[in-house]
Structure formats: C-alpha cells, structure tokens
Amino acid sequence: MRIPEAVLDAVAQLNAAGFEAYPVGGCVRDLLSGKQPHDWDLTTSATPDEMLAVFQNDRTVPTGLKHGTLTVIKGDVPLEITTYRVDGNYADGRHPDEVTFTRSLTDDLARRDFTVNAMAWDIKNGVVDPFFGQEDLKKGIIRCVGDADTRFTEDALRILRGLRFASVLGFEIEAKTATAMRRQKERLGLVSAERITEEMTKLLCGKAVDTVLDDYRDILAFFIPEISPTFDLQQQNPHHIHDVFTHTLKAVAAVKAEPELRWAMLLHDIGKAKCFTVDEDGIGHFYGHASISEKMAKDILARFRLSSKQSERILRLIKYHDLPFPNERPMLLKRLHKFGEEICLQLLEMQDADCTAQAPEYRYRLEENQRIRDELQRLCDEQACFSLKDLAVSGDDLLAAGVPAGRTIGKTLERLLTAVMDGRVENTREALLQLVRKEK
Ligand code: ATP
Ligand code: MG
C-alpha cells in the first residue's frame, strides 16, 4: 500500500509533538480495498490550537477550525486533519449543536457514518477497527455504526450517503440499516440541496446504480416524486421489453459514468406517463415525451440546484435524446452545426445506452451508431465546413459584394452555409460570391 510522503510527514510531525495521528475514513477504506485513495483525511488527538502550533511552518488553511479541521498543504497534497471529536445533539437533523473534542480515537470513530468508513490506519501497527469495518468491507456490506435510526435522525444525509456507497462499491445494505433508511427518509427534507446533489451525483455514477435505485425507489421518489408514475408503467411497444422505470435504470447504468450523462438518462423518459397513448392495434406510444421530459427535468434540476450551465447541458441531452442521426453527409454536418462535436457524441452515447436497455432485436443500432461516430470523426478530421467561421466568405466580403448591411448579411451567411453543407456549392470564395450574385 502506498501512503504518500505528505501523509507520513504530517503524522510524524504530530507524533513528534506527542500527539496521535492516523489516516481515517474513506482513504483507509480505499487502501484496504486495494484502491489508491483520491484524498487523505487524518484524525488526531491534537486540538486545533495544538495543530496550528505543530504546522506553524507549513502552508495551512483554517477550513473548519471550529469543528476541528485544519487543511495542511504539503507540496501539492492537501490534507484535512481533524481533531478527535464527539458530535453533540442534532436538533436540526443536519448539524451537531456543538462538537466536543476528545482524546479518544474510538470515540471519534464512533461518530462516523458506516463501519467501512470508521477505520483508522496506524502506520506502525495497521488498521484500527473497533466496529468491524474490515469484515463488512470483505463481505460488501454497508452498516451503520451504532443504532441506525439514531444515526439517520442525527444527520439524514447519511441515508443518501449509504445508498451512494452501495452504488459506488456495489455493496449490499445491511437489513437494519436499510429499514431505518426507509423509515427516516422524510428527514432528507431537512438536508440542503447542495449536499443532496453531491451525493446523488456520486450515486448516479456508481456501478450498481440500477440495483440500488430499484431497491430504494421509495427513497428516490421522495426527492423526485415525478418519477413514481414511471414505476411499472408498461410500454406495450415491440421496441421495449421493460417498464419505463426499469428501462430508465438500465439505461442509466449503461451510459458512461459521467454526471451529465447519468442525470440526463435518469430523467430522459420521466414525461412518458403524461403522453402514453395506445393505437388501434394495441401498440403503446409516447409522442412528444422528450420535450415533456425536458420541461419536467427543468423543475427537478432547479430543485437540486445544479449550476445553470450543467442544467442547460443536461436538458439539451434530454430534449434531443432520440433525435435521429441519419448517416448522410449533409445531415451529419447539420447536426455538427447545431450541437458541435462533443454534444453530438454525448447524444450518440445516450442513444447507445437507450438502445441497450430496449428489446435486443434493435441492437443493430449500436453498429449503426458506431458508423455515424466514425463519419463524424472523419468530417471533423477533414475540417469540413459546418460553421460560419469555416465559411470561405465573411460578412465583409458580402458587404463588398453589395449585400445590404444589417440582418441580411447574417441570413445570407446562414443560407450559404446550408448550401455548402448540402453540397450544392463548393466552399470557395469565388463559388460562394457567384451564388450570392446569382441570388440577387
Ligand atoms: P469519498 O471517497 O467520496 O471521499 P469518504 O468516505 O472519504 O468518501 P467524505 O465525505 O470524504 O467521504 O468523508 C470522510 C469521512 O468522514 C467518511 O469516511 C466518514 O468517516 C466521515 N463522514 C463524512 N460524512 C459523514 C456524515 N454525514 N456522518 C458521519 N460521518 C461522516
Ligand atoms: Mg473523502
């Protein structure tokens, strides 16, 4: 196991001053699972003032000194070091009313959420594990430290953190923990949207997102009640073998684990219940569902307080998730013109995942999509013209050719671009100006 020098140095500095100090929480969990931790949290018997004295010659940021946390930056590694702490009463279901510093590591581990997150790493003697986190890690179990109802009543965000760890690690949730999660789910209403969104995004990007959201659909519906009508909604259509919610979850799990794609997939069919019709042959249809889903998703994403930039990108993916990409040069150039390369590729990703979650007879579309991707790549490599800036004439050229100033210039440029993309004219100055003169 590789522990960075920065961590070893910080522990040694605290030890030299007579304090205990250990890597703790997520980094220990990751180390024991053979994964390289992405950040390092340390826990120490030193109080904040004692830490400040020990690290007086290091770069520090007083991240949350009141709660015992000091960030020490060694090289380019930020270490969050927190004094052993016992949390007081949680009157608001979110934050402890007060925190008390303690000199007992076990007390500090006892305030942590799950057994797999409640281990410390003693650099000389190995893991400190009073709540049997190693056993749960081996068995793949998420279990509260202590009484689950109490722990979720203290801080309801833990409910969602539990689902997040189950999704990311592919773990089961222990029975009492699961029952308490369901029993206390309404307390999630006390938690700030920002904290919820952070955990929800991680949950969505987890490898077991489909099983977790299926098993805990009641908790999902607490945040997103609009999704309930999709539960068990049969599609009565030869393209589909799953009800809308099951299809949605399979599509979420099938798309690349990137936040925008996963959020878009979760909400892409949420409007289906609102537009379900059955034709005279008994076939189900959902005309206009992409736009309805987009409208509903707009309200939902606003509640989650995603940044407006991120929301816009997610909403666009939902709105156009089933827009066809016919494999013809002019059509593909127009798609590139409308969306740009990156969003075209994201839409194709969505369509691949959507297809994977439908009836297997239609999987041939995956190969078609690959051909479209290859073609898009070719068009980009050859620097084909699909935007005004690629056009061989500019607004000034049109003015000089006698096109009246103002909006006509813009419209003429757009018309020329369409003509080039359609292959009706070559993208050269002479050919374009000739066309302009002819149209005058
Ligand atoms: P990640 O890999 O996402 O960083 P993590 O377990 O490190 O996972 P953090 O949010 O970084 O999660 O928290 C660090 C540690 O602090 C956790 O491992 C856990 O011991 C403790 N912790 C974090 N949030 C809570 C909470 N809401 N209640 C109790 N303990 C918590
Ligand atoms: Mg962490």
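All of these numbers come straight from a predicted model, not from anything done at the bench. (Residues numbered from 1 in each chain as written. Chains lettered and ligands numbered in written order. Predicted model: local features only at pLDDT ≥ 70, side-chain atom pairs only at ≥ 80, totals over all residues. Heavy atoms only, no water.)

Engineer: Give a description of the overall build of the protein that names residues and reports values.
Structural biologist: A count of helical and extended segments in the protein gives 21 helices and 13 strands. Taken against the 2.2 N^0.38 rule, which gives 22 Å for 440 residues, the C-alpha radius of gyration of the protein at 28 Å runs more than 25% over that of a compact globule. Reported as C-alpha extents along the three principal axes, the dimensions of the protein are approximately 90 × 60 × 40 Å. Residues counted as buried form 52% of the 440 residues belonging to the protein. The long-range share in the protein, meaning contacts at least 24 apart out of those at least 6 apart in sequence, stands at 63%. Within the structure as shown, the protein displays about 20900 Å² of accessible surface, and the carbon and sulfur contribution to it stands at 50%. (Helix = DSSP H or I, 4+ residues; strand = E, 2+ residues; numbered from the N terminus. Rg over C-alpha atoms; globule rule 2.2 N^0.38 Å. Buried < 20%, exposed > 50% of the residue type's maximum accessible area, 1.4 Å probe, protein only. Contact = heavy atoms within 4.5 Å. Areas by Shrake-Rupley, 256 points an atom, 1.4 Å probe, with all protein chains shown as cover.)

Engineer: Account for the site of ligand 1, naming residues and giving values.
Structural biologist: In the region of ligand 1, 15 residues are neighbours, and Arg-29, His-38, Asn-117, Arg-158 and Arg-164 sit closest. Here an oxygen atom of ligand 1 sits 2.8 Å away from a polar atom, N or O, in the side chain of His-38. In the environment of ligand 1, an oxygen atom lies 2.7 Å from a nitrogen or oxygen atom belonging to the side chain of Arg-164. Going through the elements one at a time, helix 2 (26-32) and helix 7 (157-169) are the ones with two or more residues in the shell around ligand 1. Considering each element in turn, the shell around ligand 1 owes the most residues, four residues, to helix 7. Tallied by class, the residues present in the shell around ligand 1 amount to one nonpolar, four polar and 10 charged. (Near = heavy atom within 4 Å. Polar contact = N/O pair within 3.5 Å; in protein donor to acceptor, adjacent residues only side chain to side chain. Nonpolar A, V, L, I, M, F, W, Y, C, P; charged D, E, K, R; others polar.)

Engineer: Any chance you could break down the pairing of strand 3 (residues 59-64) for me, citing the residues and the numbers?
Structural biologist: In regular strands, side chains alternate between the two faces of the sheet. Where strand 3 and strand 4 (residues 69-74) come together, four bridges link them in antiparallel fashion. Looking at the pairing, Arg-59 lines up with Ile-73 of strand 4. Here strand 3 folds back onto strand 4, and the loop between the two strands holds four residues, one of which, Gly-68, carries a positive phi near 95°. (Pairing = 2+ DSSP bridges.)

Engineer: Give a detailed account of the nonpolar core, specifying residues and quantitative values.
Structural biologist: One finds Ile-224, Trp-263, Leu-266 and Leu-267 to be the most contacted residues of the largest nonpolar core, which totals 122 residues. Taken domain by domain, this core gets at least three of its residues from each of domain 1 (1-139) and domain 2 (388-439). With near-sequence residues (within four places) excluded, Ile-224 lies in contact with Leu-266, Leu-267, Ile-270, Ile-300, Arg-303 and Phe-304. Core analysis: the next-biggest nonpolar cluster, separate from the first, contains six residues, Val-24, Tyr-84, Leu-105 and Ala-120 among them. (Core = buried A, V, L, I, M, F, W, Y, C linked by side-chain atoms within 4.5 Å. Domains from an automatic or database assignment.)

Engineer: Got a sec to walk through the domain arrangement of the protein? Specific residues and values, please.
Structural biologist: Taken domain by domain, the protein consists of domain 1 (1-139) and domain 2 (388-439). One C-alpha centre belongs to domain 1, the other to domain 2; they are set 64 Å apart.

Engineer: Lay out unusual backbone geometry with the relevant residues and their values.
Structural biologist: In this structure, Asp-232 takes a positive phi of about 60° despite not being glycine. With respect to the helices and strands, Asp-232 occurs in the loop between helix 11 (217-223) and helix 12 (244-254). Exposure remark for Asp-232: the relative accessible area of 52% places this residue in the exposed category.

Engineer: Explain helix 17 (residues 341-356) residue by residue, including any values.
Structural biologist: With 16 residues, helix 17 should cover 22 Å at 1.5 Å per step; its first-to-last C-alpha distance of 23 Å lies within 8% of that length. Among all positions of helix 17, only Ile-343, Cys-344, Gln-346, Leu-347, Leu-348, Met-350, Gln-351, Asp-352, Ala-353, Asp-354 and Cys-355 are buried. Where helix 17 is buried, its residues meet helix 12, helix 13 (259-267), helix 15 (308-319), helix 16 (329-339) and helix 18 (364-381). (Expected span 1.5 Å × (residues − 1).)

Engineer: Go over the packing of aromatic side chains, please, and point to the residues and values.
Structural biologist: Summed over all chains, the structure comprises eight aromatic pairs. A ring pair is formed by Phe-222 and Phe-223, whose centres lie 6.1 Å apart and whose planes are at 65°; its orientation type is edge-to-face. Given the relative accessible area of 29%, Phe-222 is considered partly exposed. Judged by centre distance (5.0 Å) and plane angle (70°), the rings of Tyr-320 and Phe-339 are edge-to-face. Placement of the pair is Tyr-320 in the loop between helix 15 and helix 16 and Phe-339 in helix 16, with a sequence separation of 19 residues. Judged on exposure class, the residue Tyr-320 and its partner Phe-339 are both buried. Clustering of aromatic rings is evident, with ring pairs tying together Phe-222, Phe-223, Trp-263 and Phe-304. Its end group placed over the ring of Phe-165, Arg-164 keeps NZ or CZ at 4.2 Å from the ring centre. (Phe/Tyr/Trp six-rings, centres within 6.5 Å; stacked < 30°, edge-to-face > 60°. Lys NZ or Arg CZ within 6 Å of the ring centre and 35° of its normal.)

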